[in-house]
Amino acid sequence: MNAAIIFGLLIALMLTGMPISIALGLSVLTFLFTMTTVPIEAVALKLFTGIENFEIMAIPFFILSGNFLTHGGVARRMINFATSMVGHWHGGLGLAGVMACALFAAISGSSPATVVAIGSIILPAMVAQGFPKRFGAGVITTSGALGILIPPSIVMVMYSVATSGAVVTGPDGQRVSSASISTLFVAGVIPGLMLAALLGLTTWYRARKFGYPRMPKATWGERWVAFRKSVWGLLLIVLVLGGIYSGAFTPTEAAAVSAVYAFVIALFVYRDLTWKDVPRVLLDSANMSAMLLYIITNAVLFSFLMTSEQIPQAMASWITGAGLNWVVFLLIVNILLLVAGNVMEPSSIVLIMAPILFPIAAKLGIDPVHFGILIVVNMEVGMCHPPVGLNLYVASGITRMGITELTIAVWPWLLTMLIFLVVVTYVPAISLWLPRMLGMM
């Protein structure tokens with residue numbers, strides 16, 4: 001009954017058009033003040049202790065790093081390198097767009113940033129070469145979603161933070177800990193590369209089917225020049241991921257290192273960023289960080305309320321009592337998250353749903369790392385379909401296409417993503433093989 005009241009109030013506030021962060025906070029405070037005896041001091045304490053988390057600091061640093069890279073000419077050089085490698089295949093520029101999105105995803109951690117950085121450069125080039133605008137828009141909108149699956153990923157950081165305080169027991173009654181950010185980053189490598197390959201295959205097939213243009217094959221000398229010019233951006237992948245996996249620094253420290261490195265190469269190496277641009281980049285990063293941290297703060301309160309009312313534990317008991325196995329549960333989770341993706345953006349979904357669903361998944365013996373990757377892939381799909389698909393709106397601004405036209409444009413790649421979601425849901429080894437091989441699990 002309490003769960004119905006809480007979620008009913010949250011949905012009612014969201015239907016008024018209220019921002020999700022404010023709706024979360026008001027729902028929690030209304031319930032706490034009218035239907036519980038929880039002291040206000042406990043609420044205030046939870047607000048501060050909930051975000052007093054070292055790992056949360058990774059979010060603003062990765063955002064800052066992504067913004068420096070977006071404005072610093074790194075994307076253009078990555079596109080040139082990708083084009084030199086695959087431009088001579090069917091749909092060459094489209095394939096280069098997929099490859100460039102995968103490379104940029106490995107240094108930015110953000111899907112919208114990937115769509116903006118790669119799309120704003122490669123889409124005009126594709127149209128000029130004779131590709132239909134719809135084809136280019138479909139490629140970039142969906143490939144940009146790789147930004148939250150290929151590590152580093154801001155959404156993975158949020159999942160780890162959201163589940164870190166959950167009281168969870170496995171099927172044998174033993175306590176189950178949440179997935180660390182480092183393990184999630186490693187687990188995202190193979191699914192990210194697989195999805196990039198599948199999106200590239202879809203692009204190649206449609207380009208071959210409709211006879212879209214190819215580029216002249218680049219010589220090895222031209223490829224070497226393109227690689228040499230992009231190497232400073234590509235080194236960031238080695239620096240961040242290599243540093244985390246080798247144990248040289250934590251994910252939060254890696255985020256800080258990536259921000260400093262991105263600043264240096266954008267301003268002093270490539271020199272596409274001037275000192276005049278720096279205040280604007282800092283302000284944009286601060287605005288986005290403040291928005292996400294405000295959502296996190298209210299989501300912490302929401303999670304506190306869920307825990308104090310024992311709602312996740314009650315739902316877990318009901319599901320196990322009903323005899324639902326992990327196969328059915330994961331199907332329900334996928335449907336629930338895809339539906340939520342119609343009305344909410346990824347950060348809010350993860351922060352609200354993860355603390356509720358994570359204890360149930362643990363109770364059914366589902367690995368926390370596998371469950372985290374499954375949620376991230378769901379968020380990728382949600383970013384590419386209406387009505388609130390963030391990538392659609394970003395791509396709409398670049399292509400000047402309506403949301404309806406863009407939705408039609410992305411469907412072949414979106415179908416590919418849905419098929420991949422089913423595979424990654426029921427084949428846990430895709431997510432778990434690499435962390436296990438590296439001894440992280």
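Residues numbered from 1 in each chain as written. Predicted model: local features only at pLDDT ≥ 70, side-chain atom pairs only at ≥ 80, totals over all residues. Heavy atoms only, no water.

## Quick notes on the overall build of the chain
Helix and strand counts for the chain stand at 21 helices and 0 strands. Since a compact globule built from 441 residues should have a radius of gyration of about 22 Å, the 22 Å found for the chain is in line with a globular shape. The dimensions of the chain, computed from C-alpha atoms along their principal axes, are 70 × 45 × 45 Å. Long-range contacts, defined as pairs at least 24 residues apart, comprise 80% of the intrachain contacts of the chain with a sequence gap of at least 6. Of the roughly 18,000 Å² that the chain leaves accessible, carbon and sulfur atoms contribute 70%. Looking at the chain, you have 20 positive and 14 negative side-chain charges, and the mean spots of the two groups are 18 Å apart. (Helix = DSSP H or I, 4+ residues; strand = E, 2+ residues; numbered from the N terminus. Rg over C-alpha atoms; globule rule 2.2 N^0.38 Å. Contact = heavy atoms within 4.5 Å. Areas by Shrake-Rupley, 256 points an atom, 1.4 Å probe, with all protein chains shown as cover. Lys, Arg positive; Asp, Glu negative; His and termini not counted. Charge placed at Lys NZ, Arg CZ, Asp CG, Glu CD.)

## Let's talk about the nonpolar core
Formed by 147 residues in total, the largest nonpolar core has its most connected members in Ile 118, Tyr 159, Phe 302, Phe 329 and Phe 371. Not counting chain neighbours up to four residues away, the residues in contact with Tyr 159 comprise Ala 179, Leu 184, Val 350, Ala 354, Phe 358, Pro 368, Phe 371, Gly 372 and Ile 375. (Core = buried A, V, L, I, M, F, W, Y, C linked by side-chain atoms within 4.5 Å. Buried < 20%, exposed > 50% of the residue type's maximum accessible area, 1.4 Å probe, protein only.)

## Examining the packing of helix α6 (residues 92-108) against helix α12 (residues 220-246)
The contact between α6 and α12 brings their axes to 8 Å, and the two run at 55°. The angle between α6 and α12 falls in the class oblique. When you trace α6 past α12, the crossing you get is left-handed. Facing α6, whose interface residues are Leu 103, Ala 106 and Ile 107, α12 presents Gly 233, Leu 234, Leu 236 and Ile 237. (Axes fitted to C-alpha atoms, helices over the stretch in contact; angles between N-to-C directions. Parallel < 35°, antiparallel > 145°, perpendicular 65-115°, else oblique. Left-handed = near helix turned anticlockwise from the far one by under 90°.)

## So, the environment of Thr 274
Relative to the helices and strands, Thr 274 resides in the loop between α13 (251-269) and α14 (278-308). In this structure the C-alpha to C-alpha distance between Thr 274 and Ala 196, which are 78 residues apart in sequence, comes to 33 Å.

## With respect to the confidence of the model for the chain
The pLDDT averaged across the chain works out to 83; a share of 92% of its residues lies at or above 70. Across the chain, helix α11 (residues 189-210) holds the top mean pLDDT of 93, while helix α15 (residues 311-321) sits lowest at 68. (pLDDT = per-residue confidence, 0-100.)

## Concerning the side chain of Asn 391
Assignment of secondary structure puts Asn 391 in helix α19 (residues 390-399). Leaving out residues up to four positions away in the same chain, Asn 391 has contacts with Ser 111, Pro 112, Val 115, Thr 141, Gly 144, Ala 145, Met 383 and Cys 384.

## What about the packing of aromatic side chains?
Here the structure, examined in full by the defined rule, presents 15 aromatic pairs. Where Phe 135 meets Trp 413, the ring centres are 5.6 Å apart and the plane angle is 70°; that geometry is what we call edge-to-face. Of the two residues, Phe 135 sits in helix α8 (residues 133-143) while Trp 413 sits in helix α20 (residues 403-426), which places them 278 residues apart along the sequence. Residue class for Trp 413 comes out buried when judged on its relative accessible area of 1%. Ring centres of Phe 268 and Trp 275 lie 6.0 Å apart, and the angle between their planes is 70°; on these two criteria the pair is classed as edge-to-face. Residue Phe 268 is classed as partly exposed on the basis of its relative accessible area of 43%. (Phe/Tyr/Trp six-rings, centres within 6.5 Å; stacked < 30°, edge-to-face > 60°.)

## Regarding a nonpolar patch on the surface
On the surface, a cluster of nonpolar side chains totalling about 760 Å² of accessible area is made up of Trp 232, Leu 235, Val 238, Val 260, Val 264, Phe 268, Val 269 and Trp 275. Of all the elements in the fold, those that place two or more residues in the nonpolar patch are α12 and α13. Residue contributions to the nonpolar patch peak at 4 residues, all from α13. Here Val 238 lies in helix α12. Classification of Val 238 by relative accessible area gives exposed; the value is 56%. (Patch = residues over 30% accessible without salt bridge, like charges linked within 9 Å, V, L, I, M, F, W, Y side chains within 5 Å. Salt bridge = Lys/Arg side-chain N within 4 Å of Asp/Glu carboxyl O.)

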